[in-house]
Amino acid sequence: MNKIGVFVFAQFRNYQAAVTYLIHELPKTTREVFDDDSTLAKNRAIVGAIGKTKKKHSSIHVAGTSGKGSVCYLIDAILRAHSKRTGMIQSPHIYDIRERIQVNGQLISEKKFVKALNVATSSIEAAGIRASYFEVLTAMAFYTFGHTKIDYQILETGLGGRLDATNVVQRQNKLCVLMQIGLDHMHALGDTLEAIAQEKAGIVQPGNTVIALRQDPTVNAVFEARCREQNARLIWVEQENLYLRTNDSIALAVCRTLANRDGWVFDEAIAHATLQQVFIPGRYEKRHLRDHLVILDGAHNPQKLSALASKLKIDEKFPATFVLAIADRKDIASCLRALASVAERIIATEFFTHEQDIPRRPIAANQIASLCKELGIPAIAESDPKKALELATSYAEPIVITGSFYLIGEVDSLF
């Protein structure tokens, strides 16, 4: 038996073995339909099995279709600039799986990652629970935070909110953040803005404070109803004319609210200076390759791709050559229409081309290219992402790599 009093079934001795197990051996999900309340009960049991560490820290819980990952990074940076210690759950990761569990702005060490996995898997197996990849990683994060001195834990939901593994945190002082809602993951969350908003707003618990982005009236009504039901305080943040400024406004509102509630001094000058310096991987990230400006942005639905197109216009980085891969179950036609006004051409590609045991597949490159041509967008199909990027460098325009965080991870080694 180990220190937490459970039998150890699986022990990983090194980091690579741990990563291989998580990515290749665990199911990506243990459900097909997102409507089973027992899912949340299972995740409470998982976290309970590792010691109920979820209850130790004040939490900021972020849900939404677009912008939630970026806002988590911004909140984290502002809090640390005010000498607050933080833990953060991010998903998906782009370059390193440890991006999913960060402490005080740093990836946890490989040694701590392996230890957390060993504790989580042995606890889960001893409890007789079948857990998914995201559920195990979430349990690892809560274990890590529970054994670390931090002031705030920042939790990005993985999918939805109501039944998400992060929604085991049920404390009156939880601060919830509700971001832009769009039509994405409709197979799991519903096919209307109202249905999706209801799933996202499920993170709001009795007595919480909620920072919400004012948007479509249907969505606003859902947020208001949920807050009334839960006797939660609702604070609206207005849309700005650029999504990056909107994200900044939300992060500032969150940190001001925390400072007022928790009795520390919020410094506007420090907060605004911090926002100018935050690095967020895979979100309008600029690099250079063979004298080309390359912008990497993990926009993966029509809403996010439209926002990316607007930013490219403002920055005068168009027309551009796009290297694009899109996961299955996406509204591919709407994604392509969002880019039509800024794309000189699209080089359609894929991801996970050498990972046959990973169940999530992209849309075939030739299918994307064919639809591009139907929409009047010049396109080339090249299924190998690294060859696609090489091809992009043969053109004069800036290069934008987008459509999937997985694609960005695959081409990273070329820089």
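Refer to the preceding data block for the structure.
Source: prediction; values computed, not measured. (Residues numbered from 1 in each chain as written. Predicted model: local features only at pLDDT ≥ 70, side-chain atom pairs only at ≥ 80, totals over all residues. Heavy atoms only, no water.)

Visitor: Help me understand the side chain of glutamine 102 in this model?
Guide: With respect to the helices and strands, the residue glutamine 102 is situated in strand β3 (residues 101-103). Judged by relative accessible area, glutamine 102 falls into the buried class, the value being 6%. A distance of 3.0 Å separates a polar atom in the side chain of glutamine 102 from a polar atom in the side chain of tyrosine 73. Reaching out from glutamine 102, the side chain makes a polar contact with the backbone oxygen of glutamate 99 at a distance of 2.9 Å. (Helix = DSSP H or I, 4+ residues; strand = E, 2+ residues; numbered from the N terminus. Buried < 20%, exposed > 50% of the residue type's maximum accessible area, 1.4 Å probe, protein only. Polar contact = N/O pair within 3.5 Å; in protein donor to acceptor, adjacent residues only side chain to side chain.)

Visitor: Got a minute to help me understand the nonpolar core in this structure?
Guide: Across soluble globular proteins, nonpolar side chains show a tendency to be buried alongside one another. Of all hydrophobic cores here, the largest spans 39 residues; its most connected members are Leu22, Ile97, Phe113, Leu117, Val136, Met140 and Phe145. The set of elements that each furnish at least two residues to this core consists of α1 (15-25), α2 (38-49), β3, α4 (110-126) and α5 (133-146). The element contributing the most residues to this core is α5, with nine residues. Discounting chain neighbours no more than four positions away, the residues touching methionine 140 are Leu22, Ile101, Phe113, Ala116, Leu117 and Ala120. (Core = buried A, V, L, I, M, F, W, Y, C linked by side-chain atoms within 4.5 Å. Contact = heavy atoms within 4.5 Å.)

Visitor: I would appreciate a short explanation of the pairing of strand β2 (residues 86-89) in the present structure.
Guide: A regular strand places its side chains so that they alternate between the two faces of the sheet. Residues Thr86 and Met88 point to one face of β2 and Gly87 and Ile89 to the other, with burial holding for every one of them. The sheet contact formed by β2 and strand β5 (residues 152-156) spans four bridges and is parallel. Residue pairing for β5: methionine 88 is matched across the bridge by isoleucine 154. Strand direction decides the pairing type here: β2 and β3, joined by three bridges, are antiparallel. Of the residues in β3, the one forming a bridge with glycine 87 is valine 103. (Pairing = 2+ DSSP bridges.)

Visitor: Honestly, the sheet that holds β3 in this entry has me stumped. Any pointers?
Guide: For sheets, the rule is that strands pair by backbone hydrogen bonds, running either parallel or antiparallel. Strands sit in the order β4-β3-β2-β5-β1-β6-β7-β8 across an open sheet of eight strands; the sheet is mixed. Both edges of this open sheet fall to β4 (106-107) and β8 (233-237), since each of them pairs with a single strand only. Summarising the sheet, strand β1 (residues 58-63) and β5 pair through five bridges and their orientation is parallel. Looking across to β5, one finds that histidine 61 is bridged to leucine 155. Against the sheet, helix α3 (residues 68-81) engages β1, β2, β3 and β5, with an angle of about 170 degrees to β5. (Axes fitted to C-alpha atoms, helices over the stretch in contact; angles between N-to-C directions.)

Visitor: Looking at this structure, how should I read a positive patch on the surface?
Guide: Taken together, the side chains of Arg85, Lys111, Lys112, Lys115 and Lys149 define a basic patch exposed on the protein surface. Topologically, lysine 149 is positioned in the loop between α5 and β5. (Patch = residues over 30% accessible without salt bridge, like charges linked within 9 Å, V, L, I, M, F, W, Y side chains within 5 Å. Areas by Shrake-Rupley, 256 points an atom, 1.4 Å probe, with all protein chains shown as cover. Salt bridge = Lys/Arg side-chain N within 4 Å of Asp/Glu carboxyl O. Lys, Arg positive; Asp, Glu negative; His and termini not counted. Charge placed at Lys NZ, Arg CZ, Asp CG, Glu CD.)

Visitor: So what exactly am I meant to see when it comes to the sheet that holds strand β10 (residues 292-297) here?
Guide: Across the sheet, which stays open at both edges, the six strands sit in the order β9-β10-β14-β11-β12-β13 with mixed pairing between neighbours. Whereas interior strands pair on both sides, the edge strands pair on one side only; in this sheet they are β9 (285-289) and β13 (379-381). On average, each strand axis in the sheet is inclined to that of its neighbour by 25 degrees, with strand direction left out of account. In this sheet, β13 lies alongside strand β12 (residues 343-348) in parallel orientation, the contact comprising three bridges.

Visitor: It is not clear to me how the side chain of arginine 287 should be interpreted in this structure. Could you clarify?
Guide: When you line up the elements, arginine 287 lands in strand β9. Look at arginine 287 and you get buried, because its relative accessible area is 17%. Side-chain polar atoms of arginine 287 contact the side chain of tyrosine 95, separated by 3.1 Å. A distance of 2.7 Å separates polar atoms of two side chains, one belonging to arginine 287 and the other to aspartate 412. Setting aside residues up to four positions removed in sequence, arginine 287 forms contacts with Tyr95, His292, Leu293, Val294, Leu296, Asp412 and Phe415.

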